[in-house]
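What follows is each chain in one-letter form.
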There are 2 protein chains.
Amino acid sequence: MSATATTERVFNFSAGPAALPVSVLQEIQDELLCYPGAGASVMELSHRGKVFIQIMEEAEASIRSLFGISDDYAVLLLQGGAALQFSMIPCNLLRDSGKSASYLLTGAWGKKAIGEAKKEGTVDTIYSAADTGFDRVPKAGDYTVKDDSAYLYYCSNETIEGVQFQSEPECPTSVPLISDASSDFLSRPLDIDKYGLIYACAQKNAGPAGVTVVVIRRDLLEMGSDKLPGYLNYKNHADNDSMWNTPPTFPIYVLGKVAKWLSSDIGGLAAMEKLNHEKSNLLYQVIDKYPEFYLGHAQVDCRSKMNATFNLPSSGLLEAFVSEAGKNNLQNLKGHRSVGGIRASVYNAMPLEGAQALASFMDDFAAKNG
Amino acid sequence: MSATATTERVFNFSAGPAALPVSVLQEIQDELLCYPGAGASVMELSHRGKVFIQIMEEAEASIRSLFGISDDYAVLLLQGGAALQFSMIPCNLLRDSGKSASYLLTGAWGKKAIGEAKKEGTVDTIYSAADTGFDRVPKAGDYTVKDDSAYLYYCSNETIEGVQFQSEPECPTSVPLISDASSDFLSRPLDIDKYGLIYACAQKNAGPAGVTVVVIRRDLLEMGSDKLPGYLNYKNHADNDSMWNTPPTFPIYVLGKVAKWLSSDIGGLAAMEKLNHEKSNLLYQVIDKYPEFYLGHAQVDCRSKMNATFNLPSSGLLEAFVSEAGKNNLQNLKGHRSVGGIRASVYNAMPLEGAQALASFMDDFAAKNG
């Protein structure tokens, strides 16, 4: 890597695709023309060849090891993003089941998931935070799940609104718990045994866009009908170690490197959670210091450790904030186009220095303009 | 790039994912930590940001320019590979149409496509080369397409068997012609106006695994039902410039670079076709020189310019061929596990020198062992 390349880099608060660890990018750069021992770029390797099969197996093994995932679960590496999971889940687990599926609605991504599920069967939206602008997640007792629900679905972290479940929602043991963990997967330890299925597109904490990790309890693999489009049937992927068709080889290679970085450089998911807590706290402390100036979106106990969302008192101040932050190498802070305001995403790969720099900038900006 | 990196590279005859142009890999390596002006790797860029939108628009524009694709067609960049297209095509164009779809069966990929189509409606396999082991494609008069067929589907190049349509099959103008061009897309000029839909996963001639190009006539976009899983409805992707959800950003970036290389370094698709003809001819000339030793699979007038498939007189000679070729830096020559033998893939990025080296090796090997 040239010296220029690193000095040109900014702190990138993009909500996804998002920052990746610099050391991972450097390894990829070093290996780009020749993966060690392969005589070719990793992009040029047959997915059926020994070298790539090892890359894929190691990526899966790293994810299994980080969470301690048992062999009761298959770990699939798929294409199509969360958007395809919105459909695959009800196609496999709701369609023709004679049951209804329960959904907790806490933001924009849950809403899209519900829209797709309704095409496949009956959906009970048993909790919705729509009436308060998606600023919260449910507390115990806020909803009831029928014991014979096909599954209970929720989105653990809503990136657009910046609200996050601090732990799994209550769910009867008879009902498979399903989580869209696209934006907080690998950001903290999880007890996977609590889940029927948990999935994440990679482009927040886990890697580049183009690969989606699906962890599914093996008994659920039998639920999909042979009549489904083949790609949509989880069993096809599980039976073929995610090589039912050509997998997205380069994104999987990067995912594997990020998972290894989490173990070796960070020290695992508990250490990652601690660091993520520290980073997001730096931002929320400034928001709480200037409550009339930084208008936090999420209720305090539902705040996301991944995406801090807030607004400023005027559109002029909002523009000035984005513009001056940019001059300080703090980039991609604009909120989602549907809600506006500021969204600072501090996923795994955002270094502590980045959060510190933003917190310091926010403090100065409020002191000057508040 | 270090000097070591290039000297370690082999001639990679993989059937896909396959060789990429070295100059493209070098550009990617140079930009890996900082895409010019972005302060971040291309993998870290939001797909909604100006920089990535320009990358995506340029990739599409390059493909349009190479073929001269008119605005009557949408160019979509999707996930899921050819396998998902096997389903998306009949989901959008056959299901509930009241029509049947016509398929020409010339190899393993066509067979898989038919399997998926049968889930969605009535399929007429109006031509099959199964009885001669998929060694040929149909001639004029070998089949009849009903005027009211939903579409006529074929696979232009069957990689496993090494047979290729030298031009489009006959098709009534009332029937949309659909081609799986996964393994010869961008290898030669095409008159896109002849097609209703033509698609290709990228990992043969066009880029890395993880992105699939779909060129679809806009009137066909209206055929998909709103009841389809959203990702499977072509209209969603066309209406959102392939950003209905997060696209596979890095594979698209590489695809764009490969398309630019085709224009600027090769000189366009006619020049590419000439070079591909030259490369494959080198191999077929040796096969024809030793017809008792190199047992070509495809009938001569159906030979693929992408994948030369042949066997040797004994399994011992086959093993020796692969092993000695490997020692000469000629790699990944084993045929598909379903048919065995040798498959030498000489896609766009295989340099003439690679085909020359293989042809020369084949000549020597036959002279010594024949």
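Note: the structure precedes this text.
Quick caveat, the model's predicted, so the values are computed rather than measured.

A look at the packing of helix α2 (residues 22–31) of chain B against helix α7 (residues 249–266) of chain B
Residues and elements named next belong to chain B.
- The contact between α2 and α7 brings their axes to 10 Å, and the two run at 135°. Relative to α7, the element α2 is oriented oblique. Classified by chirality, the crossing of α7 by α2 is right-handed. In this structure, α2 contributes S23, V24, E27, I28 and E31 to the contact, and α7 contributes F250, Y253, V254, K257, V258, W261 and D265.
- Tallied by class, residues from the contact of α2 with α7 come to seven nonpolar, one polar and four charged.

Let's talk about the sheet that holds strand β12 (residues 307–311) of chain B
All names here are of chain B.
- Spatial ordering of the open sheet is given by β11-β12-β14, a layout of three strands whose pairing is antiparallel. Here the strands that pair on one side only, and so sit at the sheet edges, are β11 (295–296) and β14 (342–345).
- By the bridge criterion, two bridges tie β11 to β12 in an arrangement that is antiparallel. For L295, the partnering residue across the bridge sits in β12 and is N311.
- On top of the sheet, helix α8 (residues 269–289) reaches β11, β12 and β14; it is set at about 20° to β12, its chief contact.

Quick look at the interface of chain B and chain A
- The interface is formed by 63 residues belonging to chain B together with 63 residues belonging to chain A.
- Regarding the contact of chain B and chain A, the summed buried area is about 4,600 Å², with carbon and sulfur atoms giving 61% of it.
- It is L33, M43 and E44 of chain B in chain B that bury the most area against chain A; as a group they hold 16% of the surface buried on that side.
- Viewed at the interface, chain A and chain B are joined by two salt bridges.
- The partner of R9 of chain A in a salt bridge is E44 of chain B, and the shortest N-O contact between them spans 2.9 Å.
- Across the chain B-chain A interface, the total number found is 23 residue pairs in polar contact (both at pLDDT 80 or more).
- Breaking the side of chain B that touches chain A down by element, the ones donating at least two residues are α1 (3–7), α2, α4 (81–93) and α7 of chain B.
- Classifying every residue of the side of chain B that touches chain A gives 32 nonpolar, 20 polar and 11 charged.

Describing the nonpolar core
- Within the largest apolar cluster, 194 residues are counted, with the highest numbers of intra-cluster contacts made by Y151, Y234 and F250 of chain A together with Y151, Y234 and F250 of chain B.
- The residues touching Y234 of chain A, leaving out its near neighbours within four places in the chain, are L76, L78, Q85, M88, I89, N92, L197, V214, I216 and L221 of chain A.

Comments concerning the sheet that holds strand β3 (residues 100–105) of chain B
Residue and element names in this part refer to chain B.
- With mixed pairing, seven strands are arranged side by side in an open sheet as β2-β10-β9-β8-β5-β3-β4. Looking along the sheet, the strands with just one partner apiece sit at the ends: β2 (73–78) and β4 (122–128). The sheet shows a mean angle of 20° between the axes of neighbouring strands, direction not considered.
- Together, β2, β3, β5 (152–155), β8 (177–180), β9 (197–201) and β10 (212–217) form the strand contacts of α4, whose direction differs from that of β9 by roughly 160°.
- Contacts from helix α5 (residues 108–118) reach β3, β4, β5 and β8, with the element oriented near 165° to β3.

Parameters and conventions
Position labels on residues start from 1 in each chain and follow its written sequence. Each chain gets a letter, beginning with A, and each ligand a number, beginning with 1, in the order they are written. Given that this is a predicted model, residues contribute local features only at a pLDDT of at least 70 and side-chain atom pairs are listed and counted only at 80 or more, while totals for whole chains, interfaces and linings are drawn from all residues. Water and hydrogen atoms were dropped before computing side-chain values, which therefore reflect all heavy atoms in the structure. In this analysis, axes come from line fits to C-alpha atoms, helices being fitted only over the stretch in contact, and the angle between any two N-to-C directions falls in the range 0 to 180 degrees. Runs of H or I in DSSP of at least four residues are treated as helices and runs of E of at least two as strands, each being numbered from the N terminus. Angles are sorted into four bins: roughly parallel if under 35 degrees, roughly antiparallel if over 145, roughly perpendicular if 65 to 115, and oblique for all others. Throughout, a crossing is termed right-handed when the near helix is turned clockwise from the far one, and left-handed when it is turned anticlockwise from it by less than a right angle. Note on contacts: a residue pair is in contact if any heavy atoms of the two residues lie within 4.5 Å. Three classes are used: nonpolar for Ala, Val, Leu, Ile, Met, Phe, Trp, Tyr, Cys and Pro, charged for Asp, Glu, Lys and Arg, and polar for all others, with Gly counted as polar. By the convention used here, strands pair only if DSSP detects at least 2 bridges between them. In this description, buried area is defined as the sum, over both parts, of the accessible area (probe of 1.4 Å) that is lost when the two are combined. Just to be clear on terms, a salt bridge is a Lys or Arg side-chain nitrogen sitting within 4 Å of an Asp or Glu carboxyl oxygen. Polar contact is defined as a pair of N or O atoms within 3.5 Å, subject to the rule that within protein one atom must be able to donate a hydrogen and the other to accept it, and that residues adjacent in sequence are counted only when both atoms are side-chain atoms. As used here, the term nonpolar core means buried Ala, Val, Leu, Ile, Met, Phe, Trp, Tyr and Cys residues forming a set that is joined through side-chain atoms within 4.5 Å. When accessible area is computed with a 1.4 Å probe and restricted to protein chains, residues below 20% of their type maximum are described as buried, those above 50% as exposed, and intermediate ones as partly exposed.

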